[in-house]
Amino acid sequence: MKSNRSQFLIYSLLAALIVGFHIFSFKYLDILLKKSGVNGKNVYNMEFYLVIFISLVTFLLSRWLIFRGMQTAPNPAMVHAILNTSVLVTLVLSLLLLGARADFCRILLGILFILVGTIIIQFSIH
């Protein structure tokens, strides 16, 4: 049972990481389009196609990891609760790559709520 529990956590956390990258890729594509100028004929460059390819790969890989997590999870709600941490991956990428500014006290409070909510969900399942 312990090995299944650790497997489901690993699959779910990897899926959350990859989903965060996948979601961020949409904003990055928007930035690439704005940077290259939508009015020009040669809007799409190699970087644009590379991000599209990576986005598709991360979509497929995340779905496989979610499926594997569901196979080994005691309850599918746990996989879904852990997937919500993909928000944190998107946040970190926004801070690092977009230069976004954040109120770290609120971020820590949000992380605390995520952790407490996940723990409450886990303990509510018998």
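Structure: above.
Residues numbered from 1 in each chain as written. Predicted model: local features only at pLDDT ≥ 70, side-chain atom pairs only at ≥ 80, totals over all residues. Heavy atoms only, no water.

(A) Region of the structure containing the overall build of the protein chain. Helix and strand content of the protein chain: 5 helices and 0 strands. When the helices and strands of the protein chain are listed from N to C terminus, the series reads α-α-α-α-α. Across the 126 residues of the protein chain, 29% fall into the buried class. Expressed as a percentage of contacts within the protein chain between residues at least 6 apart in sequence, the contacts between residues at least 24 apart total 73%. Looking at the protein chain as shown, the accessible area adds up to about 8,700 Å², and 71% of this sits on carbon and sulfur atoms. (Helix = DSSP H or I, 4+ residues; strand = E, 2+ residues; numbered from the N terminus. Buried < 20%, exposed > 50% of the residue type's maximum accessible area, 1.4 Å probe, protein only. Contact = heavy atoms within 4.5 Å. Areas by Shrake-Rupley, 256 points an atom, 1.4 Å probe, with all protein chains shown as cover.)

(B) Here's a closer look at the packing of aromatic side chains. Counted under the stated rule, the structure contains 3 aromatic pairs. A centroid spacing of 6.2 Å and a plane angle of 85 degrees characterise the contact between Tyr11 and Trp64, whose relative ring orientation is edge-to-face. One end of the pair, Tyr11, is in helix α1 (residues 2-36); the other, Trp64, is in helix α2 (residues 46-72), with 53 residues separating them in the sequence. Judged by relative accessible area, Trp64 falls into the partly exposed class, the value being 46%. An angle of 80 degrees between the planes, with centres 5.7 Å apart, marks the rings of Phe48 and Tyr49 as edge-to-face. (Phe/Tyr/Trp six-rings, centres within 6.5 Å; stacked < 30°, edge-to-face > 60°.)

(C) Structural view of the side chain of Ser25. Summarising the element assignment, Ser25 is placed in helix α1. Overall, the relative accessible area of 7% leaves Ser25 in the buried class. Dropping the residues within four chain positions of it, Ser25 is found in contact with Val51 and Ser55.

(D) Molecular detail of the nonpolar core. If you look at the biggest cluster of nonpolar residues, it comprises 13 residues, and the most contacted ones within it are Phe8, Ala15, Leu65, Ile66, Ala73, Val79 and Leu83. Broken down by element, the residue count for this core peaks at 6 residues, all from α1. Not counting residues up to four positions away in its chain, the partners in contact with Val79 are Phe8, Ser12, Ile66, Gly69, Met70 and Ala73. (Core = buried A, V, L, I, M, F, W, Y, C linked by side-chain atoms within 4.5 Å.)

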